[in-house]
Amino acid sequence: MSTTTLELPSGQLAGAHPESHTVDRPWRPRVNPWIVAMTVTLATFMEVLDTSIANVALPHIAGGLGATQDEATWVLTAYLVANAIILPAGAYMTTFIGRKKFYMICVALFGISSALCGLAPSLPLLVFFRVLQGIGGGGLAPSEQAILADTFPPAKRGQAFAMYGLAVVVAPAIGPTLGGYITDNFDWRWIFFLNVPICLISLFLTSRIVEDPPWVKTQVAQAQKGGIKLDTLGFGLLGLTFGSLEFVLDKGQEDDWFSSKIITFFIVTMIVAFITMIWWELKQLRDGHRPIVNLTLFKRRNFSISFLLMFVLGFSLYGTTILIPQFVQTLLGYTAELAGMVLSPAGFMMMAMMPVVGFLSSKVDPRKLIAYGFSMLTLALIMMHTMDLNISYGRLVFLRVFQSSGLAFLFIPINMIAYIGVKQSENNDVSGLTNLARNIGGSCGTAFVATLLTRRAAAHETNMTRNLTPGNPAFVDQVRSLKTTFGGGHGGGNPFVGSGSHKAQAWIYQQMHHHAGMLSYLDIIQYLAVFCACMLPLLFFIPRPPKHVEVSAGH
């Protein structure tokens, strides 16, 4: 398909590439764009679902394969590590084989590895198959996002991202509930078998409907002629950096961070590999080669800030998705299924809000939508800070739904701003990096919650224990009162003597433990609220998005 160029006045597009004021006439697919959107969203939904659906099945997996609970967590870690490595590299791989072929390879690998996970006879084999599944899944989301950016004109791109947002935001919310239902009523292996028919349908539809735009075909032709060489060192450094980071985030709290030599080793490895990767990729740019990570995108303020905002979105979404089920199960005594039901209504709220936000994104400045989203998210966290051990199920559902109403206003406009001023050939790079920001943010949020829950609970418990002494009249009166309740005598006036004394003190310590845990949850919610509120001033640094420009990909 031939292309022509449109000359635009200098400075018309805020955040546009400073070296060029020409753009390609937008390419359009042969079939209806919404059919393309539904096709590519199918497999991505399954991939994002797999990041959370296996969480509740870990005890069953450990029991079924004769492993410990700690060993079974490698089922999650292996997937996240492989996923993080392939995310930023996906755009680079499409340069050599094309976007459609790369997407179909990822779908096929995801489906085959899912079947192998369900058939795995031992934990080491299951972990290996999960690595393959993570590699396949890691290429799906950024490829889909790039396909949507090329398929839809800017005026409708927000509505297209709304469909993609449903997959990315709703899947983690319903994953634990669906995983718990399948595990309780069938077998944990069906969590993986479920992916196979979806992948087969996705492969069939993709082969018939999706097509590569002209500039992708041009890149592939150039690479096949030897114009672009595979950056093996860059890929190795990338894998070492993000693989080490994911390992540290997943295992850090379990191994007590720097107290563990293994964690310290991987932290040092990650830092050295990251610095070396930055140096090498910049050298590749200076030498005129195609880098595996397009660092030039960070020269644009809108992309750099969007990258940070997407990180915080992932941090808040995954952090609270872990926080709330743990809170209701450990302190309120909810079952796993009931804990999942606390999150499910929020998923339906986001499903309802995404199309609305998609419509508004074409009418309203996306910066205002982001400001509203983070304001609502901050307000929701402030309201969650009023929770106590007597909170009702209805109140919990309301708070989570209220929080999700803010989250729905973030994903679409952040993605739209990330594409401003980006060349068509860089759409895959933007997709890979923004998805990496969300995934790493989610991993950091999960590690943050796990670490602070343990540390803050211990700190609060230590402070409370100082008051549980015979010299504290309130403590003495409480023991004396409870001692009678538990069937103990007066002990000659000494409340710490007699048959009911130990029961009374044990009950008080148990209550103290619960209250310390409650305070630790409130501490984390407070930190998250401050974190989200700090994102609002950044919006003033994002250039005003262009108006009435009907060209592709924010050119």
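Since the model is a prediction, treat every value here as computed from it, not as a measurement.

**Some remarks on the packing of helix α12 (residues 232–251) against helix α13 (residues 261–286)**
And step 1. In contact at an axis separation of 8 Å, α12 and α13 are set at 150° when each is read in the N-to-C sense. Where α12 crosses over α13, the two elements pack in a sense that is left-handed. Residue-level inspection shows Leu-233, Gly-234, Leu-237, Leu-238, Leu-240, Thr-241, Phe-242, Ser-244, Leu-245, Phe-247, Val-248 and Lys-251 of α12 in contact with α13, the latter providing Ile-262, Ile-263, Phe-266, Ile-267, Thr-269, Met-270, Ala-273, Phe-274, Thr-276, Met-277, Trp-280 and Glu-281.
And step 2. The class makeup of the residues in the contact of α12 with α13 is 17 nonpolar, five polar and two charged.

**Here's the deal with the pattern of salt bridges**
And step 1. Scanning the entire structure with this criterion turns up seven salt bridges.
And step 2. Ionic pairing is found between Lys-283 and Asp-287, a salt bridge with its closest N-O pair at 3.1 Å.
And step 3. You can call Asp-287 partly exposed: its relative accessible area is 43%.

**Section: a nonpolar patch on the surface**
And step 1. There is a patch of nonpolar side chains on the surface, built from Tyr-181, Phe-186 and Trp-190 and spanning about 390 Å² of accessible area.
And step 2. Its location among the elements puts Phe-186 in the loop between α8 (154–185) and α9 (190–193).
And step 3. The exposure class of Phe-186 is exposed, given its relative accessible area of 55%.

**Topic: unusual backbone geometry**
And step 1. One non-glycine residue, Asp-256, adopts positive backbone phi at about 65°.
And step 2. Mapping Asp-256 onto the fold places it in the loop between α12 and α13.
And step 3. With relative accessibility at 38%, the residue Asp-256 sits in the partly exposed group.
And step 4. For Trp-257, which is not a glycine, the phi torsion comes out positive at approximately 50°.
And step 5. The topology assignment puts Trp-257 in the loop between α12 and α13.

**Notes on the side chain of Arg-367**
And step 1. Note that Arg-367 resides in helix α16 (residues 366–384).
And step 2. Setting aside chain neighbours within four positions, we find Arg-367 in contact with Ile-417, Leu-539, Ile-542, Pro-543, Arg-544 and Pro-545.

**Side note on the side chain of Thr-151**
And step 1. Note on placement: Thr-151 falls in helix α7 (residues 140–151).
And step 2. Polar contacts involving the side chain of Thr-151 include one to the main-chain carbonyl oxygen of Ile-147, which spans 2.6 Å.
And step 3. Apart from residues lying up to four places away in sequence, Thr-151 is in contact with Arg-28, Pro-29, Pro-33 and Val-36.

**Some thoughts on helix α4 (residues 74–97)**
And step 1. Remark: the principal bend of α4, roughly 50°, maps to Gly-90.
And step 2. Within α4, 20 of the 24 residues are buried, which leaves the element mostly enclosed by the surrounding structure.
And step 3. Looking one or two residues past α4, Gly-98 carries a phi angle of roughly 95°, positive in sign.

**With respect to helix α5 (residues 99–119)**
A turn of α-helix holds 3.6 residues, and therefore any two residues three or four places apart point the same way.
And step 1. With 21 residues, α5 should reach 30 Å at 1.5 Å per residue; the first-to-last C-alpha distance of 30 Å fits that figure.
And step 2. Here α5 has its buried residues at Arg-99, Phe-102, Tyr-103, Cys-106, Val-107, Phe-110, Gly-111, Ser-113, Ser-114, Cys-117 and Gly-118.

**Notes on empty space enclosed by the protein**
And step 1. Taken as a whole and assessed by the stated rule, the structure comprises three cavities of 30 Å³ or more.
And step 2. The computed volume of the largest cavity comes to approximately 70 Å³.
And step 3. Around the largest cavity, the lining residues are Ala-91, Thr-94, Thr-95, Arg-99, Trp-215, Val-216, Gln-219, Arg-290, Gln-424, Ser-425, Asn-428 and Asp-429.
And step 4. Within the residue set of the lining of the largest cavity, elements represented by two or more residues are α4, α11 (214–224) and α19 (427–465).
And step 5. Split by residue class, the lining of the largest cavity holds three nonpolar, six polar and three charged.
And step 6. As for the second largest cavity, its lining consists of Trp-27, Pro-29, Val-36, Arg-99, Ile-147, Asp-150, Thr-151, Ile-209, Val-210, Glu-211 and Pro-213.
And step 7. With three residues, α7 is the single largest residue contributor to the lining of the second largest cavity.
And step 8. Class assignment for the residues of the lining of the second largest cavity results in seven nonpolar, one polar and three charged.

Calculation criteria
- Each chain has its residues counted from 1, following the order in which its sequence is written.
- Local features in this predicted model are restricted to residues whose pLDDT is 70 or higher, and side-chain atom pairs enter the listing and the counts only when it is 80 or higher, whereas totals over whole chains, interfaces and linings include all residues.
- In computing side-chain properties, one takes all heavy atoms of the structure into account and sets aside hydrogens as well as water.
- Interaxial angle, 0 to 180 degrees, is taken between N-to-C directions of lines fitted to C-alpha atoms, where a helix line uses only the stretch in contact.
- Runs of E in the DSSP output that reach at least two residues are strands. Runs of H or I that reach at least four are helices, and both are numbered from the N terminus.
- Crossings are classed by handedness, with left-handed meaning an anticlockwise turn of the near helix from the far one by less than a right angle and right-handed meaning a clockwise turn.
- Contacts are assigned to residue pairs that have any heavy atoms within 4.5 Å of one another.
- Residues were grouped as follows: Ala, Val, Leu, Ile, Met, Phe, Trp, Tyr, Cys and Pro as nonpolar; Asp, Glu, Lys and Arg as charged; and all remaining residues, including Gly, as polar.
- A side-chain nitrogen of Lys or Arg and a carboxyl oxygen of Asp or Glu constitute a salt bridge if their distance falls within 4 Å.
- Using a 1.4 Å probe on the protein chains alone, a residue whose accessible area is under 20% of its type maximum counts as buried, one over 50% counts as exposed, and one in between counts as partly exposed.
- Candidates for patches are residues over 30% relative accessible area with no salt bridge; among them, like charges are joined within 9 Å and nonpolar side chains (Val, Leu, Ile, Met, Phe, Trp, Tyr) within 5 Å.
- Note on areas: these come from Shrake-Rupley sampling with a 1.4 Å probe, and a residue is covered only by the protein chains present in the view.
- Any pair of nitrogen or oxygen atoms within 3.5 Å is treated as a polar contact; in protein, a donor-acceptor pairing is required on top of that, and neighbouring residues in sequence qualify only through side-chain atoms on both sides.
- By definition, a residue's bend is the angle between the axes fitted to the seven residues ending there and the seven starting there.
- Helix span is expected to be 1.5 Å times the residue number reduced by one.
- Any residue with an atom within 4 Å of a point lines the site, the site being either a cavity, points on a 1 Å grid over the protein atoms alone where a 1.4 Å probe fits but cannot get out, or a pocket, an open set with protein on both sides within 12 Å along at least 5 of 7 lines.
- Grid points are joined across faces, edges and corners, and a volume is the space filled by probe spheres set on the points.

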